[in-house]
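Structure assessment
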Amino acid sequence: MTQSIDAPDSARGEAPALPPVRAGLAETVRFVATHTLPVFVRGVASPRFPVMALYSRVNQPAWSNATLRAMRARHRGAPVMVRALSGEMLVLFDQADIRRFFEQPVSDLAMDADDKYASLSVFEPTGVICSHGRVREDRRRVNDHALAADQPVHPSCAEFRTVVEEECRRLTSRSVVDFPLLWKTLTRISRRVVLGDQASDDQELSDWLATLRGHANWMGRSKPEAAKALYSKIEARITRYAADAPAHTLAARALAEPYPEGTDPLGQTHHWLLGIDLSAPVVARTLLLLAHHPAEQDAAHAEAADRVPGLPRLRACLEESVRLYPIVPDLVRVTRTETEWRGVRYPAGTNVLVPMGFHQRDPEQVDGGNLFAPGRWLAPDVHRDTRVAPFSHGGARCPGEYVALLLTSLVCAEVLRGHRLTGARPVLDPGRPLPGILDTAGIRLRLGRL
(Lines give C-alpha, C1' and ligand atoms only; values in the text may rest on other atoms or scores of the structure.)
Protein backbone atom coordinates (compact mmCIF):
# COMPACT_ATOMS: atom_id res chain seq x y z
CA MET A 1 0.00 0.00 0.00
CA THR A 2 1.01 3.66 -0.28
CA GLN A 3 3.52 4.66 2.38
CA SER A 4 2.97 7.47 4.87
CA ILE A 5 4.15 10.91 3.79
CA ASP A 6 4.97 12.01 7.37
CA ALA A 7 8.69 11.93 6.58
CA PRO A 8 10.77 11.68 3.42
CA ASP A 9 12.37 8.33 2.55
CA SER A 10 15.84 9.70 3.32
CA ALA A 11 14.81 10.57 6.91
CA ARG A 12 13.70 6.96 7.46
CA GLY A 13 16.96 5.60 6.12
CA GLU A 14 15.38 4.42 2.85
CA ALA A 15 16.53 5.22 -0.67
CA PRO A 16 14.45 8.03 -2.19
CA ALA A 17 11.91 6.95 -4.78
CA LEU A 18 13.13 7.25 -8.34
CA PRO A 19 11.29 9.54 -10.75
CA PRO A 20 9.37 7.86 -13.58
CA VAL A 21 10.77 7.81 -17.09
CA ARG A 22 8.59 10.03 -19.25
CA ALA A 23 8.33 10.29 -23.01
CA GLY A 24 9.25 13.65 -24.48
CA LEU A 25 6.87 15.75 -26.55
CA ALA A 26 8.15 14.45 -29.89
CA GLU A 27 7.96 10.84 -28.66
CA THR A 28 4.45 11.38 -27.35
CA VAL A 29 3.21 12.85 -30.63
CA ARG A 30 4.78 9.99 -32.56
CA PHE A 31 3.32 7.39 -30.18
CA VAL A 32 -0.19 8.80 -30.46
CA ALA A 33 0.00 9.28 -34.23
CA THR A 34 1.42 5.85 -35.08
CA HIS A 35 0.10 3.62 -32.29
CA THR A 36 -2.81 4.71 -30.10
CA LEU A 37 -4.78 6.70 -32.68
CA PRO A 38 -4.59 3.91 -35.31
CA VAL A 39 -5.74 1.36 -32.70
CA PHE A 40 -8.70 3.57 -31.80
CA VAL A 41 -9.64 4.15 -35.44
CA ARG A 42 -9.32 0.44 -36.20
CA GLY A 43 -11.81 -0.33 -33.41
CA VAL A 44 -11.23 -1.03 -29.73
CA ALA A 45 -14.10 -3.45 -29.15
CA SER A 46 -14.87 -4.54 -32.71
CA PRO A 47 -12.74 -4.34 -35.88
CA ARG A 48 -13.64 -1.85 -38.59
CA PHE A 49 -12.82 -3.90 -41.66
CA PRO A 50 -12.59 -1.00 -44.15
CA VAL A 51 -9.97 0.58 -41.88
CA MET A 52 -8.09 -2.73 -41.70
CA ALA A 53 -8.09 -2.87 -45.50
CA LEU A 54 -6.57 0.63 -45.65
CA TYR A 55 -3.99 -0.21 -42.99
CA SER A 56 -2.96 -3.33 -44.92
CA ARG A 57 -2.30 -1.23 -48.05
CA VAL A 58 -0.07 1.28 -46.23
CA ASN A 59 1.51 -1.26 -43.83
CA GLN A 60 0.44 0.77 -40.80
CA PRO A 61 1.78 -1.70 -38.17
CA ALA A 62 5.31 -1.03 -39.41
CA TRP A 63 4.96 2.61 -38.27
CA SER A 64 3.80 1.56 -34.82
CA ASN A 65 6.54 -1.05 -34.44
CA ALA A 66 9.21 1.46 -35.44
CA THR A 67 7.94 3.86 -32.77
CA LEU A 68 7.95 1.19 -30.07
CA ARG A 69 11.42 -0.06 -31.02
CA ALA A 70 12.78 3.50 -30.86
CA MET A 71 11.19 4.10 -27.42
CA ARG A 72 12.58 0.83 -26.08
CA ALA A 73 16.08 1.60 -27.36
CA ARG A 74 16.12 5.19 -26.14
CA HIS A 75 15.00 4.29 -22.62
CA ARG A 76 16.91 0.98 -22.47
CA GLY A 77 13.80 -1.10 -21.92
CA ALA A 78 12.56 0.85 -18.89
CA PRO A 79 8.80 1.41 -18.45
CA VAL A 80 7.85 4.72 -20.04
CA MET A 81 5.05 7.06 -19.05
CA VAL A 82 3.44 8.46 -22.18
CA ARG A 83 0.28 10.46 -22.71
CA ALA A 84 -2.18 8.56 -24.90
CA LEU A 85 -5.69 9.45 -26.07
CA SER A 86 -7.29 8.28 -22.81
CA GLY A 87 -4.68 9.73 -20.45
CA GLU A 88 -1.23 8.72 -19.26
CA MET A 89 -0.08 5.15 -19.85
CA LEU A 90 2.87 3.24 -18.41
CA VAL A 91 4.18 1.25 -21.39
CA LEU A 92 6.14 -1.92 -20.60
CA PHE A 93 9.01 -3.05 -22.84
CA ASP A 94 11.15 -5.44 -20.78
CA GLN A 95 10.20 -9.11 -20.62
CA ALA A 96 10.74 -9.25 -16.84
CA ASP A 97 8.22 -6.41 -16.41
CA ILE A 98 5.79 -8.14 -18.73
CA ARG A 99 6.06 -11.38 -16.75
CA ARG A 100 5.26 -9.44 -13.61
CA PHE A 101 2.32 -7.80 -15.37
CA PHE A 102 0.81 -11.24 -16.00
CA GLU A 103 1.66 -12.49 -12.51
CA GLN A 104 -0.08 -9.61 -10.75
CA PRO A 105 -3.35 -10.64 -9.04
CA VAL A 106 -6.40 -9.43 -10.93
CA SER A 107 -7.50 -7.66 -7.74
CA ASP A 108 -4.32 -5.51 -7.91
CA LEU A 109 -4.06 -4.99 -11.65
CA ALA A 110 -7.42 -5.02 -13.38
CA MET A 111 -9.61 -3.33 -15.93
CA ASP A 112 -11.34 -0.28 -14.50
CA ALA A 113 -14.94 -0.09 -15.67
CA ASP A 114 -15.62 3.13 -13.78
CA ASP A 115 -13.17 5.30 -15.68
CA LYS A 116 -11.26 4.65 -18.89
CA TYR A 117 -13.40 1.68 -19.89
CA ALA A 118 -16.81 3.02 -18.99
CA SER A 119 -18.13 1.94 -22.38
CA LEU A 120 -17.65 -1.68 -21.37
CA SER A 121 -19.96 -1.20 -18.39
CA VAL A 122 -22.69 -0.50 -20.95
CA PHE A 123 -21.62 -3.49 -23.02
CA GLU A 124 -21.34 -5.81 -20.02
CA PRO A 125 -23.03 -4.29 -16.93
CA THR A 126 -23.55 -7.60 -15.09
CA GLY A 127 -20.61 -9.66 -16.32
CA VAL A 128 -17.08 -10.56 -15.24
CA ILE A 129 -15.03 -7.86 -16.95
CA CYS A 130 -16.59 -4.88 -15.20
CA SER A 131 -16.81 -6.30 -11.67
CA HIS A 132 -14.36 -6.69 -8.82
CA GLY A 133 -13.73 -8.55 -5.55
CA ARG A 134 -16.19 -11.16 -4.34
CA VAL A 135 -18.77 -10.21 -6.97
CA ARG A 136 -16.24 -10.88 -9.70
CA GLU A 137 -15.28 -14.22 -8.16
CA ASP A 138 -18.94 -15.35 -8.03
CA ARG A 139 -19.55 -14.32 -11.63
CA ARG A 140 -16.27 -15.85 -12.80
CA ARG A 141 -17.18 -19.20 -11.18
CA VAL A 142 -20.43 -19.37 -13.16
CA ASN A 143 -18.65 -18.26 -16.30
CA ASP A 144 -15.87 -20.83 -15.91
CA HIS A 145 -18.36 -23.64 -15.35
CA ALA A 146 -20.32 -22.80 -18.48
CA LEU A 147 -17.16 -22.58 -20.59
CA ALA A 148 -15.43 -25.49 -18.84
CA ALA A 149 -12.49 -23.09 -18.69
CA ASP A 150 -10.05 -25.63 -17.22
CA GLN A 151 -10.91 -28.46 -19.62
CA PRO A 152 -9.23 -28.65 -23.06
CA VAL A 153 -12.15 -30.76 -24.28
CA HIS A 154 -15.52 -29.23 -23.40
CA PRO A 155 -18.14 -31.64 -21.93
CA SER A 156 -20.46 -30.62 -24.79
CA CYS A 157 -17.84 -31.33 -27.46
CA ALA A 158 -19.95 -33.99 -29.23
CA GLU A 159 -22.95 -31.68 -29.52
CA PHE A 160 -20.78 -28.77 -30.63
CA ARG A 161 -19.17 -30.95 -33.31
CA THR A 162 -22.61 -31.80 -34.68
CA VAL A 163 -23.51 -28.10 -34.85
CA VAL A 164 -20.28 -27.28 -36.71
CA GLU A 165 -20.70 -30.14 -39.18
CA GLU A 166 -24.24 -29.06 -40.02
CA GLU A 167 -23.45 -25.37 -40.38
CA CYS A 168 -20.28 -25.92 -42.43
CA ARG A 169 -22.16 -27.71 -45.19
CA ARG A 170 -23.01 -24.25 -46.56
CA LEU A 171 -19.29 -23.55 -46.79
CA THR A 172 -18.06 -26.79 -48.29
CA SER A 173 -20.83 -27.03 -50.89
CA ARG A 174 -19.31 -24.05 -52.71
CA SER A 175 -16.16 -23.71 -54.76
CA VAL A 176 -15.26 -20.32 -53.25
CA VAL A 177 -15.33 -19.37 -49.57
CA ASP A 178 -15.22 -15.67 -48.71
CA PHE A 179 -15.23 -13.80 -45.44
CA PRO A 180 -18.93 -12.80 -45.38
CA LEU A 181 -19.90 -16.47 -45.72
CA LEU A 182 -17.52 -17.47 -42.93
CA TRP A 183 -18.90 -14.70 -40.73
CA LYS A 184 -22.50 -15.80 -41.29
CA THR A 185 -21.56 -19.41 -40.55
CA LEU A 186 -19.85 -18.51 -37.26
CA THR A 187 -22.77 -16.34 -36.09
CA ARG A 188 -25.14 -19.26 -36.61
CA ILE A 189 -22.77 -21.59 -34.77
CA SER A 190 -22.49 -19.12 -31.90
CA ARG A 191 -26.26 -18.83 -31.46
CA ARG A 192 -26.72 -22.60 -31.48
CA VAL A 193 -23.81 -23.28 -29.12
CA VAL A 194 -24.80 -20.59 -26.62
CA LEU A 195 -28.62 -20.64 -26.80
CA GLY A 196 -29.64 -23.73 -28.76
CA ASP A 197 -31.17 -24.52 -32.14
CA GLN A 198 -34.17 -22.30 -31.41
CA ALA A 199 -31.90 -19.27 -31.88
CA SER A 200 -30.20 -20.49 -35.05
CA ASP A 201 -32.10 -18.19 -37.43
CA ASP A 202 -32.20 -15.13 -35.18
CA GLN A 203 -29.89 -12.91 -37.22
CA GLU A 204 -31.53 -9.88 -35.63
CA LEU A 205 -29.98 -10.84 -32.28
CA SER A 206 -26.51 -10.99 -33.85
CA ASP A 207 -27.09 -7.63 -35.55
CA TRP A 208 -28.08 -6.07 -32.23
CA LEU A 209 -24.93 -7.43 -30.62
CA ALA A 210 -22.77 -6.04 -33.42
CA THR A 211 -24.41 -2.63 -32.94
CA LEU A 212 -23.83 -2.79 -29.19
CA ARG A 213 -20.19 -3.59 -29.73
CA GLY A 214 -20.03 -0.63 -32.08
CA HIS A 215 -21.17 1.56 -29.18
CA ALA A 216 -18.33 0.15 -27.07
CA ASN A 217 -15.90 0.98 -29.88
CA TRP A 218 -16.33 4.65 -29.07
CA MET A 219 -15.17 4.14 -25.45
CA GLY A 220 -18.14 5.91 -23.86
CA ARG A 221 -18.36 8.70 -26.46
CA SER A 222 -21.49 7.31 -28.12
CA LYS A 223 -25.01 7.78 -26.81
CA PRO A 224 -25.12 5.75 -23.56
CA GLU A 225 -28.92 5.75 -23.32
CA ALA A 226 -29.24 4.19 -26.77
CA ALA A 227 -26.69 1.53 -25.82
CA LYS A 228 -28.50 0.74 -22.57
CA ALA A 229 -31.84 0.45 -24.34
CA LEU A 230 -30.32 -1.92 -26.88
CA TYR A 231 -28.71 -3.99 -24.14
CA SER A 232 -32.11 -4.37 -22.46
CA LYS A 233 -33.60 -5.74 -25.69
CA ILE A 234 -30.71 -8.18 -26.06
CA GLU A 235 -31.00 -9.28 -22.43
CA ALA A 236 -34.73 -9.97 -22.81
CA ARG A 237 -34.17 -12.00 -25.99
CA ILE A 238 -31.37 -14.04 -24.39
CA THR A 239 -33.44 -14.71 -21.25
CA ARG A 240 -36.29 -16.02 -23.37
CA TYR A 241 -34.05 -18.44 -25.27
CA ALA A 242 -32.13 -19.50 -22.15
CA ALA A 243 -35.32 -20.63 -20.42
CA ASP A 244 -35.65 -23.50 -22.93
CA ALA A 245 -31.99 -23.99 -23.86
CA PRO A 246 -30.79 -27.63 -24.09
CA ALA A 247 -28.48 -28.84 -21.33
CA HIS A 248 -25.37 -28.84 -23.54
CA THR A 249 -25.58 -25.11 -24.38
CA LEU A 250 -23.48 -22.53 -22.58
CA ALA A 251 -26.57 -20.70 -21.31
CA ALA A 252 -28.05 -23.86 -19.78
CA ARG A 253 -24.72 -24.76 -18.18
CA ALA A 254 -24.55 -21.29 -16.63
CA LEU A 255 -28.06 -21.63 -15.20
CA ALA A 256 -27.23 -25.09 -13.83
CA GLU A 257 -24.30 -23.83 -11.75
CA PRO A 258 -25.28 -22.66 -8.23
CA TYR A 259 -24.84 -18.92 -7.90
CA PRO A 260 -25.28 -16.47 -5.00
CA GLU A 261 -28.18 -14.08 -4.84
CA GLY A 262 -27.45 -10.99 -6.87
CA THR A 263 -25.33 -12.81 -9.45
CA ASP A 264 -26.74 -12.84 -12.97
CA PRO A 265 -25.78 -16.26 -14.39
CA LEU A 266 -26.51 -15.04 -17.91
CA GLY A 267 -24.47 -11.84 -17.53
CA GLN A 268 -21.76 -13.13 -19.87
CA THR A 269 -24.05 -14.72 -22.47
CA HIS A 270 -23.91 -11.90 -24.99
CA HIS A 271 -20.14 -11.81 -24.53
CA TRP A 272 -19.94 -15.53 -25.45
CA LEU A 273 -22.08 -14.91 -28.53
CA LEU A 274 -19.87 -12.09 -29.75
CA GLY A 275 -16.69 -13.93 -28.81
CA ILE A 276 -17.62 -16.83 -31.09
CA ASP A 277 -18.80 -14.41 -33.80
CA LEU A 278 -15.42 -12.68 -33.70
CA SER A 279 -13.62 -15.97 -34.23
CA ALA A 280 -14.66 -15.72 -37.90
CA PRO A 281 -11.68 -13.43 -38.69
CA VAL A 282 -9.38 -15.93 -36.92
CA VAL A 283 -10.72 -18.81 -39.02
CA ALA A 284 -10.41 -16.76 -42.22
CA ARG A 285 -6.82 -15.73 -41.51
CA THR A 286 -5.82 -19.26 -40.46
CA LEU A 287 -7.21 -20.78 -43.65
CA LEU A 288 -5.46 -18.08 -45.69
CA LEU A 289 -2.15 -18.88 -44.00
CA LEU A 290 -2.64 -22.61 -44.62
CA ALA A 291 -3.43 -21.95 -48.28
CA HIS A 292 -0.03 -20.26 -48.65
CA HIS A 293 1.92 -22.84 -46.62
CA PRO A 294 1.45 -26.18 -48.45
CA ALA A 295 3.37 -28.31 -45.93
CA GLU A 296 1.28 -27.03 -43.05
CA GLN A 297 -1.88 -27.55 -45.08
CA ASP A 298 -0.83 -31.17 -45.76
CA ALA A 299 -0.36 -31.80 -42.03
CA ALA A 300 -3.73 -30.22 -41.23
CA HIS A 301 -5.40 -32.26 -44.01
CA ALA A 302 -4.05 -35.49 -42.56
CA GLU A 303 -5.26 -34.59 -39.08
CA ALA A 304 -8.73 -33.61 -40.32
CA ALA A 305 -9.06 -36.73 -42.50
CA ASP A 306 -8.07 -39.03 -39.63
CA ARG A 307 -10.30 -37.13 -37.18
CA VAL A 308 -7.43 -36.95 -34.68
CA PRO A 309 -8.86 -36.26 -31.20
CA GLY A 310 -8.34 -32.67 -30.14
CA LEU A 311 -6.90 -31.68 -33.55
CA PRO A 312 -3.60 -30.52 -31.94
CA ARG A 313 -1.96 -29.42 -35.18
CA LEU A 314 -4.94 -27.33 -36.24
CA ARG A 315 -5.12 -25.80 -32.78
CA ALA A 316 -1.45 -24.89 -33.12
CA CYS A 317 -2.20 -23.24 -36.49
CA LEU A 318 -4.99 -21.21 -34.91
CA GLU A 319 -2.83 -20.12 -31.96
CA GLU A 320 -0.08 -19.10 -34.38
CA SER A 321 -2.60 -17.13 -36.42
CA VAL A 322 -3.73 -15.25 -33.29
CA ARG A 323 -0.11 -14.60 -32.33
CA LEU A 324 0.53 -13.03 -35.72
CA TYR A 325 -2.80 -11.21 -35.86
CA PRO A 326 -4.03 -10.74 -32.28
CA ILE A 327 -7.65 -9.94 -31.64
CA VAL A 328 -6.50 -7.54 -28.90
CA PRO A 329 -3.07 -6.14 -29.82
CA ASP A 330 -2.75 -3.99 -26.68
CA LEU A 331 -3.34 -5.29 -23.15
CA VAL A 332 -4.33 -2.55 -20.70
CA ARG A 333 -4.85 -2.81 -16.94
CA VAL A 334 -5.39 -0.25 -14.20
CA THR A 335 -3.58 -0.68 -10.89
CA ARG A 336 -5.75 -0.82 -7.78
CA THR A 337 -2.88 -0.37 -5.33
CA GLU A 338 0.46 1.39 -5.41
CA THR A 339 2.89 -0.63 -7.53
CA GLU A 340 6.61 -0.45 -8.16
CA TRP A 341 8.26 -0.99 -11.53
CA ARG A 342 12.06 -0.82 -11.86
CA GLY A 343 12.36 1.00 -8.53
CA VAL A 344 9.77 3.62 -9.44
CA ARG A 345 6.55 3.81 -7.44
CA TYR A 346 3.30 4.47 -9.25
CA PRO A 347 0.03 5.32 -7.50
CA ALA A 348 -3.16 3.30 -7.64
CA GLY A 349 -5.09 4.11 -10.79
CA THR A 350 -2.05 3.96 -13.07
CA ASN A 351 -2.84 2.67 -16.56
CA VAL A 352 -0.37 -0.05 -17.58
CA LEU A 353 -0.09 -0.99 -21.26
CA VAL A 354 1.64 -4.01 -22.82
CA PRO A 355 1.74 -3.78 -26.65
CA MET A 356 1.55 -7.56 -27.15
CA GLY A 357 1.03 -7.25 -30.89
CA PHE A 358 4.51 -5.73 -31.04
CA HIS A 359 6.17 -8.07 -28.54
CA GLN A 360 4.78 -11.30 -30.05
CA ARG A 361 6.42 -10.54 -33.40
CA ASP A 362 9.60 -8.98 -32.06
CA PRO A 363 12.48 -10.91 -33.72
CA GLU A 364 14.73 -9.97 -30.79
CA GLN A 365 12.50 -12.01 -28.47
CA VAL A 366 10.61 -14.52 -30.64
CA ASP A 367 12.41 -16.69 -33.18
CA GLY A 368 10.82 -16.29 -36.59
CA GLY A 369 8.45 -13.76 -35.11
CA ASN A 370 7.15 -12.61 -38.50
CA LEU A 371 6.76 -16.11 -39.94
CA PHE A 372 3.96 -18.68 -39.73
CA ALA A 373 5.45 -21.47 -37.59
CA PRO A 374 2.65 -23.46 -35.88
CA GLY A 375 5.12 -26.05 -34.58
CA ARG A 376 6.18 -23.64 -31.85
CA TRP A 377 2.83 -24.29 -30.12
CA LEU A 378 3.54 -28.02 -29.82
CA ALA A 379 6.65 -27.44 -27.67
CA PRO A 380 6.44 -28.23 -23.92
CA ASP A 381 5.47 -25.33 -21.64
CA VAL A 382 4.96 -22.92 -24.54
CA HIS A 383 1.67 -21.81 -23.01
CA ARG A 384 3.60 -20.47 -20.00
CA ASP A 385 5.85 -18.35 -22.20
CA THR A 386 4.89 -14.72 -21.60
CA ARG A 387 6.67 -13.58 -24.75
CA VAL A 388 3.59 -14.83 -26.59
CA ALA A 389 0.07 -14.41 -25.26
CA PRO A 390 -2.69 -15.05 -27.80
CA PHE A 391 -5.15 -15.58 -24.91
CA SER A 392 -3.23 -13.65 -22.22
CA HIS A 393 -1.81 -15.22 -19.03
CA GLY A 394 -2.45 -15.42 -15.31
CA GLY A 395 -5.73 -14.48 -13.68
CA ALA A 396 -6.81 -12.47 -16.71
CA ARG A 397 -6.29 -15.36 -19.15
CA CYS A 398 -9.29 -15.69 -21.44
CA PRO A 399 -11.63 -18.31 -19.92
CA GLY A 400 -13.07 -19.02 -23.36
CA GLU A 401 -9.71 -20.08 -24.81
CA TYR A 402 -10.49 -23.80 -24.99
CA VAL A 403 -14.02 -23.32 -26.35
CA ALA A 404 -12.73 -20.91 -28.98
CA LEU A 405 -9.96 -23.28 -30.08
CA LEU A 406 -12.39 -26.21 -30.11
CA LEU A 407 -14.95 -24.49 -32.33
CA THR A 408 -12.48 -22.84 -34.69
CA SER A 409 -10.43 -26.01 -35.13
CA LEU A 410 -13.61 -27.96 -35.90
CA VAL A 411 -14.62 -25.36 -38.51
CA CYS A 412 -11.18 -25.47 -40.14
CA ALA A 413 -11.25 -29.28 -40.15
CA GLU A 414 -14.63 -29.32 -41.90
CA VAL A 415 -13.40 -26.93 -44.58
CA LEU A 416 -10.19 -28.92 -45.14
CA ARG A 417 -11.70 -32.40 -45.07
CA GLY A 418 -11.86 -33.52 -48.68
CA HIS A 419 -10.74 -30.16 -50.06
CA ARG A 420 -7.60 -28.33 -51.06
CA LEU A 421 -7.27 -24.60 -50.46
CA THR A 422 -6.07 -22.85 -53.61
CA GLY A 423 -6.28 -19.45 -55.31
CA ALA A 424 -6.22 -17.62 -51.99
CA ARG A 425 -6.51 -13.85 -51.84
CA PRO A 426 -4.78 -11.74 -50.65
CA VAL A 427 -1.55 -13.31 -51.88
CA LEU A 428 1.17 -13.94 -49.26
CA ASP A 429 4.82 -14.86 -49.75
CA PRO A 430 5.62 -17.59 -47.16
CA GLY A 431 9.34 -16.99 -47.62
CA ARG A 432 9.18 -13.37 -46.48
CA PRO A 433 8.01 -11.69 -43.25
CA LEU A 434 4.23 -11.71 -43.16
CA PRO A 435 2.42 -8.36 -43.28
CA GLY A 436 1.51 -6.85 -39.93
CA ILE A 437 -2.18 -6.66 -40.80
CA LEU A 438 -4.45 -8.31 -43.36
CA ASP A 439 -7.47 -7.14 -45.30
CA THR A 440 -9.57 -9.76 -43.52
CA ALA A 441 -12.86 -8.82 -45.15
CA GLY A 442 -11.24 -9.33 -48.56
CA ILE A 443 -10.12 -12.92 -47.92
CA ARG A 444 -11.26 -15.41 -50.59
CA LEU A 445 -10.36 -19.08 -50.78
CA ARG A 446 -10.98 -21.55 -53.59
CA LEU A 447 -11.97 -25.06 -52.53
CA GLY A 448 -10.69 -27.78 -54.81
CA ARG A 449 -11.67 -31.42 -54.41
CA LEU A 450 -8.93 -33.80 -53.37
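Keep in mind the model is a prediction, meaning the values are calculated, not measured.

As for its position among the elements, F49 is in helix α2 (residues 49-58). For the pair formed by F49 and L438, sequence separation is 389 residues and the distance between their alpha carbons is 9.6 Å. If we ignore the near neighbours within four places in the chain, the residues touching F49 are F179, W183, P281, T440 and A441.

In this structure, L195 and L421 are the most contacted members of the largest nonpolar core, which totals 81 residues. Broken down by element, this core gets its largest block of residues, ten residues, from helix α17 (residues 401-416). Not counting the four nearest positions on each side in its chain, L421 is found in contact with L287, L290, A291, Q297, V415, L416, L445, R446 and L447.

Spatially, three strands are ordered β4-β10-β9 in an open sheet, and the strand pairing comes out antiparallel. Two strands in the sheet have a free side with no partner beyond their single neighbour: β4 (176-178) and β9 (419-425). Averaged over all adjacent pairs, the angle separating strand axes in this sheet is 30°, with direction ignored. Summarising the sheet, β4 and strand β10 (residues 444-449) pair through three bridges and their orientation is antiparallel. Among the inter-strand pairings, V176 is bridged to a residue of β10, identified as R446.

Turning our eyes to something else, we now look at α2. Residues of α2 that are buried: F49, V51, M52, A53 and Y55. N59, located one to two residues past α2, shows a positive phi value of around 55°.

Below, the discussion takes up the pairing of strand β5 (residues 331-335). Counting buried positions over the five residues of β5 gives five, a clear majority of the element. Where burial is concerned, the two faces of β5 agree: the one with L331, R333 and T335 and the one with V332 and V334 are both buried. Here β5 runs beside strand β8 (residues 351-354); their pairing, made up of four bridges, is antiparallel. Bridging across to β8, R333 finds its partner in V352.

This brings us to the layout of surface pockets. By volume, the second largest pocket amounts to about 590 Å³. P61, N65, G357, R361 and G436 are, among the 36 residues lining the second largest pocket, the residues nearest its centre. Put simply, the parts of the chain that give the lining of the second largest pocket at least two residues each are α1 (25-42), α2, α3 (60-74) and α16 (356-359). In terms of residues, the lining of the second largest pocket owes the most to one element, α3, which gives seven residues. Its residues placed into classes, the lining of the second largest pocket shows 20 nonpolar, ten polar and six charged.

Attention shifts here to the side chain of H35. Its location among the elements puts H35 in helix α1. A relative accessible area of 7% places H35 in the buried class.

This next bit is on the packing of helix α13 (residues 280-291) against helix α15 (residues 312-324). Running from N to C, α13 and α15 point in directions that differ by 105°, and their axes come no closer than 9 Å. The orientation of α13 relative to α15 falls into the category roughly perpendicular. Note on element contacts: α15 touches α13 through L314, C317, L318, S321, V322 and L324, opposite V282, R285, T286, L289 and L290. Partitioned by chemical class, the residues of the contact of α13 with α15 number eight nonpolar, two polar and one charged.

This next bit is on the side chain of D97. Within the secondary structure, D97 sits in helix α4 (residues 95-103). Judged by its relative accessible area of 7%, D97 is buried. At a separation of 3.4 Å, a polar atom in the side chain of D97 contacts the side chain of R342. If we ignore the near neighbours within four places in the chain, the residues touching D97 are G77, P79, L92, W341 and R342.

Helix length check: helix α14 (residues 294-305), at twelve residues, gives a terminal C-alpha distance of 16 Å against a target of 16 Å (1.5 Å per residue), a fit within 8%. Among all positions of α14, only E296, Q297, A300, H301, E303 and A304 are buried. An end-on view of α14 places all buried positions within 165° of arc, on one side of the element. Opposite the packed face of α14, turned more than 90 degrees from it, sit the exposed residues A295 and A305. For α14, the secondary structure elements touched by its buried residues are α13, α15, α17 and β9. Looking one or two residues beyond α14, the residue adopting positive phi is R307, at roughly 50°.

Tallied over the full model, the rule gives four aromatic pairs. Each member of the aromatic cluster is reached from another via a ring pair, and the members are F49, F179 and W183. Across from the ring centre of Y241, 5.2 Å away, lies the NZ or CZ of R240, which sits over that ring. Over the ring of Y325 we find R361; its NZ or CZ atom is 5.0 Å from the centre of that ring.

A few words on the packing of α13 against α17. With their axes 10 Å apart at the nearest point, α13 and α17 run at an angle of 45° to one another. It follows that α13 is oblique to α17 by the angle criterion. Taken as a pair, α13 and α17 cross one another with a handedness that is right-handed. Every residue of α17 that contacts α13 at V283, T286, L287 and L290 is listed here: T408, V411, C412, V415 and L416. Of the residues that constitute the contact of α13 with α17, the class distribution is seven nonpolar, two polar and no charged.

Quick notes on the rules
Residues numbered from 1 in each chain as written. Predicted model: local features only at pLDDT ≥ 70, side-chain atom pairs only at ≥ 80, totals over all residues. Heavy atoms only, no water. Helix = DSSP H or I, 4+ residues; strand = E, 2+ residues; numbered from the N terminus. Contact = heavy atoms within 4.5 Å. Core = buried A, V, L, I, M, F, W, Y, C linked by side-chain atoms within 4.5 Å. Buried < 20%, exposed > 50% of the residue type's maximum accessible area, 1.4 Å probe, protein only. Pairing = 2+ DSSP bridges. Axes fitted to C-alpha atoms, helices over the stretch in contact; angles between N-to-C directions. 1 Å grid on protein atoms, 1.4 Å probe; cavity = no way out; pocket = protein on both sides within 12 Å on 5 of 7 lines; lining within 4 Å. Points joined across faces, edges and corners; volume = space filled by probe spheres on them. Nonpolar A, V, L, I, M, F, W, Y, C, P; charged D, E, K, R; others polar. Parallel < 35°, antiparallel > 145°, perpendicular 65-115°, else oblique. Polar contact = N/O pair within 3.5 Å; in protein donor to acceptor, adjacent residues only side chain to side chain. Expected span 1.5 Å × (residues − 1). Arc of directions from axis to C-beta. Phe/Tyr/Trp six-rings, centres within 6.5 Å; stacked < 30°, edge-to-face > 60°. Lys NZ or Arg CZ within 6 Å of the ring centre and 35° of its normal. Left-handed = near helix turned anticlockwise from the far one by under 90°.

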